[in-house]
Amino acid sequence: MSSIIQLLPDHVANQIAAGEVVQRPASVVKELLENAIDAGASDIKLICKEAGKVLVQVIDNGKGMSVTDARLCFERHATSKIRQAEDLFDLHTKGFRGEALASIAAIAHVEMKTKQDQEELGTHIIIEGSKFVSQDVAVLPKGTSFLVKNLFFNIPARRNFLKSDIVELRHIIDEFQRVALAHHNIHFTFYHNGSELFNLPQSNARQRIVNIFSGKTNEKLVPIQETTDILSIQGFIGKPEFAKKNKGEQFFFVNDRFIKSGYLHHAIMNAYEGLLRDGSQPSYFLYLNVPPHTIDINIHPTKTEIKFDDEQALYAILRSATKHSLGQFNVAPVLDFERDFNLDTPYSYQNKEAETPTIQVDSNFNPFQEEKKQSDFRYKPKTENLPHWESLYVGLDTKSIDIGEMSFESETVTSSLFSDSEVEKAPTTTYQIHKKYIVNPIKSGMLIIDQQRAHQRILYEQFLTNITIHQANSQQLLFPITLYFSGNEIALIQVIQQSLESTGFVFEAINKDSIVVSGLPVTVSESEASIVLEQLVSDLQEEVPDSSFSQMDSMAKSMARSLSVKTGTYLTEEAQVNLVNNLFACKEATVSPFNKTTFITLSVEDLDKKFSI
């Protein structure tokens, strides 16, 4: 029997490895940015076209590579980060496996230019699908430039799995923000399709957060700092009143590496217990420093999961530090009524020495100087001779009036604003139960309608009609309102701007970190504008619609959910009848936009069975 096992060619092995390392353009961005940071760069530029499908370029001013290193870096398991297996537990760099560049070169056209500071000339290498096309000497500035074009050009099936430009750009922005937040001492610039999305100068951690997520973020942040033998925590947590529906502003960094940890997230949520509205998520930007030998990073291809030696201790410290910060800055309520908040000393002032107060002396003050006598002032009322009361009746005719000549109305007349026909009340046809259900009698029995789901269906069809068929009515605001969003949320709002305007929104301006709204749909009040847009952006980010129709559908669903009548809201009889009539005027009245039953029918036979008649 012949042998059937054989070694795969290198280019096939690289393509298989690329499936784990490079999942989408955002994976290329992450690997190239981390390599630039490991190279000691202080200025990094990211350039993308069509959400990275056509071009991803990263330019840095790091230490560069020699001619030999430039050629060797594209080989599998070739790395400058580690030398032996023990180094995996003493990592101080982002990369260590030596697979990223080989994987990228296997599925794209790669062009690399690099030069070291002490060298006069640099190296220019072109690779297409793991095949070296050329290697030349070139005049280049210090640093390295990686240019990745036509991603997945030789794997068309994988390319077809990529999402729309909006979704892929959102993933790239997420990776860019994670790297930029972890390294605030590096200047980052991000260009997409020729326009500048981010320009983040070197700054402190707080300023970097504000530069990424808008100027209003500054007032939301509460500093947190704790140092122990096994863990050092620094960073910021958000005030409970600014909590959002989505998890877009939750970041854990362990030794300047972004990670995801449901266990540590639970510690934060535990500290916020009782302070958040239902379904709200707090913001946090936490930088954890632990000894490298106490963590294991090499457990996942994306390196976003980490194993800790003592997770329970980290949980307790993180929860306590969060609670302490919320209490220290008077964010959490305190039940000690005799406590004077003015006597609380913040950490930053505990070790400061007291300053001698400055004293000002009035040299002109003389305590023995006689004071001027104040003049006696007494109120003396005016005394005037007032006329006698009988003078009020002087000149009146004192003739007697014959009462018999006067006529009186035989019946009391009471005026009414409505005619008798209008005053008569129509018989009540609907009833509200527990401010949740509407009961409507019908011939065969009764209908029991869920008021929230029914209203969602009504609003959903209204919004979908306005977006797809005709323009909706808009109410102009006397004073435009300014709403603040992060960079990627602003980018998403710009994409769906036309659809939002079809529903009735009018935008006066869309800036880098804010939007100015001058008109709202008729069904949206001024106080609900920020809630509706935040919920809409959150829903679109989570559902990541690809086609334009599904995007409109998601918008209509999100706005219907935000504006629908909530359970526990009292409805007048007129509102109940209106809701029932509008529900059965819908195309699909039986289910809500989220495929939940809107009403049930209870027949007379069912009622008879209940009473065993």
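Residues numbered from 1 in each chain as written. Predicted model: local features only at pLDDT ≥ 70, side-chain atom pairs only at ≥ 80, totals over all residues. Heavy atoms only, no water.

### Section: the overall build of the protein chain
When helices and strands are tallied, the protein chain shows 17 helices and 22 strands. Classification of the 613 residues of the protein chain by burial places 42% in the buried group. For the protein chain, the accessible area works out to roughly 37100 Å², and carbon and sulfur atoms hold 51% of it. (Helix = DSSP H or I, 4+ residues; strand = E, 2+ residues; numbered from the N terminus. Buried < 20%, exposed > 50% of the residue type's maximum accessible area, 1.4 Å probe, protein only. Areas by Shrake-Rupley, 256 points an atom, 1.4 Å probe, with all protein chains shown as cover.)

### Overview of the confidence of the model for the protein chain
Averaged over every residue, the pLDDT of the protein chain is 80; residues scoring 70 or more account for 79%. This model gives residues 415-426 a pLDDT under 50, and the stretch forms one contact once residues within four places in sequence are excluded. (pLDDT = per-residue confidence, 0-100. Contact = heavy atoms within 4.5 Å.)

### Describing the packing of helix 8 (residues 262-271) against helix 9 (residues 311-328)
Packing of helix 8 against helix 9 brings their axes to within 8 Å, and their N-to-C directions diverge by 30 degrees. In terms of orientation, helix 8 and helix 9 fall into the roughly parallel class. Relative to helix 9, helix 8 is oriented so that their crossing is right-handed. In this structure, helix 8 contributes Y263, L264, H266, A267, I268, N270 and A271 to the contact, and helix 9 contributes E311, Q312, L314, Y315, L318, R319, T322, K323 and L326. Class assignment of the residues belonging to the contact of helix 8 with helix 9 gives a composition of nine nonpolar, four polar and three charged. (Axes fitted to C-alpha atoms, helices over the stretch in contact; angles between N-to-C directions. Parallel < 35°, antiparallel > 145°, perpendicular 65-115°, else oblique. Left-handed = near helix turned anticlockwise from the far one by under 90°. Nonpolar A, V, L, I, M, F, W, Y, C, P; charged D, E, K, R; others polar.)

### Description of the pairing of strand 20 (residues 506-510)
It is a general feature of regular strands that their side chains alternate between the two faces of the sheet. Two elements, strand 20 and strand 21 (residues 514-521), share four bridges in a ladder whose sense is antiparallel. When the sheet's bridge partners are listed, A509 is paired in strand 21 with V516. (Pairing = 2+ DSSP bridges.)

### Quick word on the packing of helix 11 (residues 451-468) against helix 16 (residues 573-583)
Helix packing for two helices is described by the angle between their axes and how far apart those axes are. Contact geometry of helix 11 with helix 16 gives a least axis separation of 9 Å together with a crossing angle of 55 degrees. On the basis of their axis angle, the class for helix 11 and helix 16 is oblique. The chirality of how helix 11 crosses helix 16 is left-handed. Contact residues: helix 11 offers Q451, A454, H455, R457 and I458, while helix 16 offers L579, N582 and L583.

### Here's the deal with the sheet that holds strand 9 (residues 221-227)
With mixed pairing, the five strands of this open sheet are ordered in space as 9-10-13-11-12. Every other strand in the sheet has two partners, leaving strand 9 and strand 12 (257-259) as the edge strands with one partner each. In this sheet, neighbouring strand axes are inclined to one another by 20 degrees on average, regardless of whether the strands run parallel or antiparallel. Bridging between strand 10 (residues 232-238) and strand 13 (residues 284-289) involves six bridges; their strand directions are antiparallel. Bridge assignment links F236 to a residue of strand 13, and that residue is F285. On the sheet, helix 6 (residues 165-182) packs against strand 11 (250-254), strand 12 and strand 13 and is oriented at approximately 55 degrees with respect to strand 11. In the packing of helix 9 onto the sheet, the strands contacted are strand 9, strand 10, strand 11 and strand 13, and the crossing angle to strand 9 comes to about 135 degrees.

### Overview of unusual backbone geometry
Of note, the phi angle at E50 is positive, near 50 degrees, even though the residue is not glycine. Tracing the chain through its elements places E50 in the loop between strand 1 (43-49) and strand 2 (55-60). Since its relative accessible area comes to 42%, E50 is described here as partly exposed. A positive phi angle, near 55 degrees, is found at A51, a position not held by glycine. Checked against the element boundaries, A51 lands in the loop between strand 1 and strand 2.

### Observations concerning the sheet that holds strand 21
Taken in spatial order, the three strands line up as 19-21-20 in an open sheet, and their pairing is antiparallel. Every other strand in the sheet has two partners, leaving strand 19 (474-484) and strand 20 as the edge strands with one partner each. The mean inter-strand angle of the sheet, taken between neighbouring strand axes irrespective of direction, is 15 degrees.

### Here we look at the environment of T598
Here T598 is to be found in the loop between helix 16 and strand 22 (599-603). Taking the relative accessible area as the measure of exposure, T598 reaches 2% and is therefore buried. In the structure, T598 is positioned 148 residues away from D450 in sequence and 5.5 Å away in space, judged by C-alpha atoms. Every residue in contact with T598, bar those within four places of it in the chain, is listed here: I448, I449, D450, R453, A454, L583, A589, T590, V591 and S592.

### Regarding helix 12 (residues 487-495)
Where burial is concerned, most of helix 12 is hidden: seven out of the nine residues are buried. Of the positions making up helix 12, those classed as buried are G487, N488, E489, I490, A491, L492 and I493.

### A word on the packing of aromatic side chains
In total, this model carries 17 aromatic pairs according to the counting rule given. Considering the side-chain rings of F176 and F198, the 5.5 Å spacing of their centres and the 35 degrees angle between planes classify their relative orientation as tilted. Taken together, the residues span a long stretch of sequence, with F176 in helix 6 and F198 in strand 8 (residues 195-200) at a distance of 22 residues. We note that F176, like F198, is buried. (Phe/Tyr/Trp six-rings, centres within 6.5 Å; stacked < 30°, edge-to-face > 60°.)

### Brief notes about the pattern of salt bridges
Per the stated rule, a full pass over the model turns up eight salt bridges. Put simply, K30 and E34 hold a salt bridge, and the shortest N to O gap is 3.4 Å. Residue K30 and its partner E34 are located together in helix 2 (residues 25-38), separated by four residues, close to a single helical turn. Assessed through its relative accessible area of 8%, E34 is described here as buried. Put simply, D450 and R453 hold a salt bridge, and the shortest N to O gap is 3.8 Å. (Salt bridge = Lys/Arg side-chain N within 4 Å of Asp/Glu carboxyl O.)

### Considering a nonpolar patch on the surface
Taken together, the side chains of L121, V137 and V139 present a nonpolar region at the surface, about 330 Å² in accessible area. Examined against the element boundaries, L121 turns out to sit in the loop between strand 3 (109-115) and strand 4 (122-128). (Patch = residues over 30% accessible without salt bridge, like charges linked within 9 Å, V, L, I, M, F, W, Y side chains within 5 Å.)

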